[in-house]
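# Architecture at a glance
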Amino acid sequence: MTVINRRTFGKKLTQGMVGTTLLAGMPLACGMVSGQQEKKLGIALVGLGSYSKGQLAPGLVNAEHCYLAGIVTGTPAKEKEWMERYNIPKANIYNYENFDEIVKNDAIDIVYVVLPNSMHAEFCIRAAKAGKNVICEKPMAVSVAECDSIIEACETAGVKLSVGYRMQSDPYTNEIKRLVREKTFGDVHYVSSDAAYISRGNPNQWRLNHALSGGGALMNMGVYSIQSNIYGTGTNPISVSAQEFSTMPEYFKGTDETITAQMQFPNGVVGNLFTSHNANANRLFVNFRKGWAELNPCHSYGPLAGRTSAGNEIKFPHQSQQMLQMDDFAKHIKTGSPNLAPGVMGKRDMIIVEAIYQSIKEGGKTIPLDLGTMGIVS
Ligand code: NAD
């Protein structure tokens, strides 16, 4: 974490101050100086593609605990537009080559890696070595081994690490978690989650290039379905079996088009996963002993919608999920509040992803999972 001294604190205050009444009375986290809680943390986005441009940067405009302080881009033509739109000083602009110099920049507290999946590990590790807290987009990496190296680099550097799981900060998701935790309708015995969208644009896009994506629909949307199966049951799966399908094999040559998987949970509870790059589906259904709850849509940017068997609509005011997610991580750094999507959660999901691909390779064989000691169950 960037050390805040009087000089840098003063500078940061002018860049983005949080209302002091908001944070007044909050306990100080161990090792924090008081000023660090009262300022907004500076985020640098690495990779200015559609997600950074359309969701993350706009989400940061109204964030309470963080702001867009810098950018890292391989496309010089984007610099001017971003500098003007978000009031970013030239000193806070980097490219992929000089990125490591960010170590000297006190205005940047968090580096958010929003690059193609196979580039996550390299840039998260470089960010950690530069002493910056890290947010790594989902899927965390293209293998469990890479997840381990990101986690290790952050631990060694003593910086915080989070995965870009925006749903963990979303109120609809948290309402499902509450119904599961409080057993409002009794125990869960079946969950079904679909996460899919039609992605048939440019056949040369990185998402269809295995070397850059690490996989297709499962790596892209399937991780949402894995996540919602887990928070829909409130527990980690103990095994998984999976199947792959394709109606357009000539287009989806290098990556999976459609995957279904069945996750077995303790006590005979079962979860169904459907993910695809060639269908639209966006739903979570949780069946309890005495009722059910449904979110539809469930994984998109919102507004989401939900209902339960009791006739209740699940409804919350719409807010940017990305804003909530980045604010939650900034609060975690500033106050020691829980990290809602720690690196180990991204690693757990990658263990499940690898098991799903293994099952497909072995003709749908059931692959046992040993996630019991990971301590992450939602
Ligand atoms: P994108 O294609 O729109 O942007 C990718 C960015 O990476 C571009 O700025 C591009 O210039 C840069 N880049 C650098 N090297 C590249 C290379 N070799 N090939 C292609 N691009 C290269 O992608 P995106 O939709 O912004 O996705 C980026 C990351 O964000 C992915 O990991 C994706 O899974 C994740 N994402 C997450 C969500 C979410 O809801 N959490 C949504 C969208 C994307």
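Rules behind the numbers
Residues numbered from 1 in each chain as written. Predicted model: local features only at pLDDT ≥ 70, side-chain atom pairs only at ≥ 80, totals over all residues. Heavy atoms only, no water. 1 Å grid on protein atoms, 1.4 Å probe; cavity = no way out; pocket = protein on both sides within 12 Å on 5 of 7 lines; lining within 4 Å. Points joined across faces, edges and corners; volume = space filled by probe spheres on them. Helix = DSSP H or I, 4+ residues; strand = E, 2+ residues; numbered from the N terminus. Nonpolar A, V, L, I, M, F, W, Y, C, P; charged D, E, K, R; others polar. Near = heavy atom within 4 Å. Polar contact = N/O pair within 3.5 Å; in protein donor to acceptor, adjacent residues only side chain to side chain. Areas by Shrake-Rupley, 256 points an atom, 1.4 Å probe, with all protein chains shown as cover. Buried < 20%, exposed > 50% of the residue type's maximum accessible area, 1.4 Å probe, protein only.

## Quick look at the layout of surface pockets
Space left empty within the atom packing is revealed by a probe, the size of a water molecule, rolled over the atoms. Estimates place the volume of the largest pocket at around 770 Å³. Looking at the largest pocket, it is lined by 37 residues, and the ones nearest its centre are S50, Y51, W206, R207 and Y301. Elements supplying a minimum of two residues to the lining of the largest pocket: α4 (50-61), α10 (217-233) and β11 (281-288). Ranked by residues supplied to the lining of the largest pocket, first place goes to α10 with 4 residues. Classifying every residue of the lining of the largest pocket gives 15 nonpolar, 17 polar and 5 charged.

## Quick word on the site of the ligand
Near the ligand, the surroundings consist of 22 residues, among which S50, K138, R166, W206 and Y224 are the closest. Within the contact set of the ligand, an oxygen atom lies 3.1 Å away from a backbone nitrogen or oxygen of Y51. Measuring from an oxygen atom of the ligand, one finds a side-chain N or O atom of W206 at 2.8 Å. When the ligand is considered free in solution it has 840 Å² of accessible area, and contact with the protein chains removes 79% of it. Among the residues forming the shell around the ligand, the class breakdown is 12 nonpolar, 5 polar and 5 charged.

## So, unusual backbone geometry
P297 follows N296 through a cis peptide bond whose omega is 5°. Inspection of the secondary structure puts P297 in the loop between β12 (291-295) and β13 (306-308). The residue after G302, namely P303, is reached through a cis peptide bond having omega 0°. Relative to the helices and strands, P303 resides in the loop between β12 and β13. Backbone geometry places N267, a non-glycine residue, at a positive phi of 65°. Residue N267 is classed as exposed on the basis of its relative accessible area of 77%.

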